[in-house]
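# Coordinate analysis (summary)
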Amino acid sequence: MTAVELHPQIVGSAPRPMLWKGEEDTRAFAQRLAGHPAVKDAFIALHGDLGAGKTTLVRHLLRALGAEGRIKSPTYAVVEPYALPGLDAWHFDFYRFDDPREWEDAGFRDIFAGPGLKLAEWPGNAGALLPVADLDIHLAVGDGDAREVGVQARTPRGQELLACV
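Read on for an overview of the structure.

What counts as what
Residues numbered from 1 in each chain as written. Predicted model: local features only at pLDDT ≥ 70, side-chain atom pairs only at ≥ 80, totals over all residues. Heavy atoms only, no water. Helix = DSSP H or I, 4+ residues; strand = E, 2+ residues; numbered from the N terminus. Rg over C-alpha atoms; globule rule 2.2 N^0.38 Å. Buried < 20%, exposed > 50% of the residue type's maximum accessible area, 1.4 Å probe, protein only. Contact = heavy atoms within 4.5 Å. Areas by Shrake-Rupley, 256 points an atom, 1.4 Å probe, with all protein chains shown as cover. Lys, Arg positive; Asp, Glu negative; His and termini not counted. Charge placed at Lys NZ, Arg CZ, Asp CG, Glu CD. Pairing = 2+ DSSP bridges. Axes fitted to C-alpha atoms, helices over the stretch in contact; angles between N-to-C directions. Salt bridge = Lys/Arg side-chain N within 4 Å of Asp/Glu carboxyl O. Arc of directions from axis to C-beta. Phe/Tyr/Trp six-rings, centres within 6.5 Å; stacked < 30°, edge-to-face > 60°.

## Focus on the overall build of the protein chain
Each helix and strand counted, the protein chain has six helices and seven strands in total. Secondary structure elements of the protein chain occur, N-terminal to C-terminal, as α-β-α-β-α-β-β-α-α-β-β-β-α. Scaling as 2.2 N^0.38, a compact globule of 165 residues should have a C-alpha radius of gyration of about 15 Å, and the protein chain matches this with 15 Å. Across its three principal directions, the C-alpha atoms of the protein chain cover 45 × 35 × 30 Å. Taken across its 165 residues, the protein chain has 47% of its residues classed as buried. Sequence-distant contacts in the protein chain: of pairs separated by 6 or more residues, those separated by 24 or more amount to 64%. Approximately 8,500 Å² of the protein chain is accessible, and the part contributed by carbon and sulfur atoms is 52%. Computed over 17 positive and 23 negative side-chain charges, the separation of the two mean positions in the protein chain equals 4 Å.

This is the structure in C-alpha cells:
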C-alpha cells in the first residue's frame, strides 16, 4: 500500500447543522447512515457533553446494522466490540482517559488500522494518536428532547457518508 492508501487525503466540509426534535430523528439519521456501504469501514467521532445523545446515536446505528441484545456505553470498559452481519464494529468511550498514551498502551492502533466500523465518544481524550475521523458528529442538548447536531466530513469516505444523511 502507498502512503496515500494508508492515509487518505484529508478533506473538509463545513459543518452541516441539523436539529433532531427527538429520538425518532436520531434513529432516522442512524438508519440512513447504516444504509450506506461506506459505513462498514468508517471511523465516526462523537463529540458532546454528558447526556448529549452520543451513546443513543451509537445504539440506533448498531441496531440498524443488525446488532441484537444489550448495547451499553463502554465508559468503564473503554471499548465494546460487536460482530454484526457482514462487519465488525467497535464502540469506544475515551471519557476516562487521562493521558492520550493510554490509547496506544491499550493496543487500539491495531483495531483502527484494520477493517470495520469504529465509533468513538470523547475522541479528544485520545489526543492526536487517533486517525482522522471520516465523520465528526457534534451533539448538543437543545430545548426539551431536541438535539442540535453538526456533522462534518474529514475524508472522502466521510463526504460519501455526509451525502447520504
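## Some thoughts on the sheet that holds strand β7 (residues 147–153)
In spatial order, the strands read β1-β7-β6-β2-β5-β4-β3; together these seven strands make up an open sheet with mixed pairing. Two strands lie at the open edges of the sheet, namely β1 (16–20) and β3 (79–84), each paired on one side alone. Adjacent strand axes in the sheet meet at a mean angle of 20°, parallel and antiparallel pairs treated alike. Where β1 lies against β7, five bridges are found, and the strand directions are antiparallel. When the sheet's bridge partners are listed, W20 is paired in β7 with R147. Strand contacts of helix α2 (residues 23–34): β1, β2 (43–47), β6 (135–141) and β7, with the helix running at about 135° to β1, the strand carrying the most contacts. Along the sheet, helix α3 (residues 54–64) contacts β1, β2, β3, β4 (87–93), β5 (117–121) and β6; its crossing angle with β5, the most-contacted strand, is approximately 165°.

## Looking at the pattern of salt bridges
What the rule picks out here adds up to four salt bridges. Close ionic contact of R157 with D134 constitutes a salt bridge, the shortest N to O distance being 3.6 Å. Of the two residues, R157 is situated in helix α6 (residues 156–164) and D134 in the loop between β5 and β6; the sequence distance between them amounts to 23 residues. The class of R157 is partly exposed, set by a relative accessible area of 31%.

## Focus on α6
Counting along an α-helix, one turn takes 3.6 residues, and residues three or four places apart therefore face a common direction. Here α6 has its buried residues at G158, L161 and L162. The buried residues of α6 occupy one face: seen down the axis, they fall within an arc of 100°. For α6, the secondary structure elements touched by its buried residues are β1, α2, β6 and β7.

## Examining the packing of aromatic side chains
Here the structure, examined in full by the defined rule, presents eight aromatic pairs. When the centroid spacing of 4.9 Å and the interplanar angle of 45° are considered together, the rings of W20 and F29 count as tilted. In this structure, W20 and F29 share a single accessibility class: buried. Taking 6.1 Å as the distance between ring centres and 55° as the angle between the ring planes, the aromatic pair formed by F94 and F108 counts as tilted. Of the two residues, F94 sits in the loop between β4 and α4 (101–105) while F108 sits in helix α5 (residues 108–113), which places them 14 residues apart along the sequence.

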